[in-house]
Amino acid sequence: MATECFSNELETRLKDFFTEVIDVKDMAKAIREVNYALSLSSMRGCETLESEINNIGDDFYWLNRLAEVLDPYLNID
């Protein structure tokens, strides 16, 4: 588990991103929508995704964790 603190620069970039580019809740929704599409594609055997199936599982997990940090919905740890 990562325990490093954000640098001031990274914290500033994140603040700018979530105030000037996209709302936190909208970002969490976008992550969930992408995860949904990826999950459906991989379950249906999409040829494009077949070679990446192992990575999709890991990415799905981390994107969901990020979505939960941004806007808790599932309340899982």
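The notes below deal with the structure included here. The structure displayed is predicted, hence computed values, not measured ones. (Residues numbered from 1 in each chain as written. Predicted model: local features only at pLDDT ≥ 70, side-chain atom pairs only at ≥ 80, totals over all residues. Heavy atoms only, no water.)

### Side note on the packing of aromatic side chains
Overall, the coordinates contain two aromatic pairs when judged by the stated rule. An angle of 80° between the planes, with centres 4.9 Å apart, marks the rings of Y61 and W62 as edge-to-face. The exposure class assigned to Y61 is partly exposed, which follows from its relative accessible area of 42%. The exposure class of W62 is exposed, given its relative accessible area of 55%. (Phe/Tyr/Trp six-rings, centres within 6.5 Å; stacked < 30°, edge-to-face > 60°. Buried < 20%, exposed > 50% of the residue type's maximum accessible area, 1.4 Å probe, protein only.)

### Remarks on the pattern of salt bridges
Between side chains of opposite charge, pairing is possible as soon as their charged atoms come close. Tallied over the entire structure, the rule returns three salt bridges. Across the salt bridge formed by E9 and R13, the nearest N and O atoms sit 3.3 Å from each other. Here the residue E9 and the residue R13 both occupy positions in helix α1 (residues 8–21), the gap between them amounting to four residues, near one helical turn. A relative accessible area of 48% places R13 in the partly exposed class. E68 is paired through a salt bridge with R32; the nearest N and O atoms lie 2.7 Å apart. One end of the pair, E68, is in helix α4 (residues 53–70); the other, R32, is in helix α2 (residues 24–43), with 36 residues separating them in the sequence. (Salt bridge = Lys/Arg side-chain N within 4 Å of Asp/Glu carboxyl O. Helix = DSSP H or I, 4+ residues; strand = E, 2+ residues; numbered from the N terminus.)

### Points about α2
Given a rise of 1.5 Å per residue, 20 residues ought to cover 28 Å, and the 29 Å separating the end C-alpha atoms of α2 matches this to within 8%. For α2, every residue scored as buried is listed here: A28, I31 and N35. Summarising the axial view, the buried residues of α2 lie within an arc of 60°, below the 170-degree limit, and thus occupy one face. Relative to its buried face, α2 has exposed residues pointing more than 90 degrees away, namely K29 and Y36. (Expected span 1.5 Å × (residues − 1). Arc of directions from axis to C-beta.)

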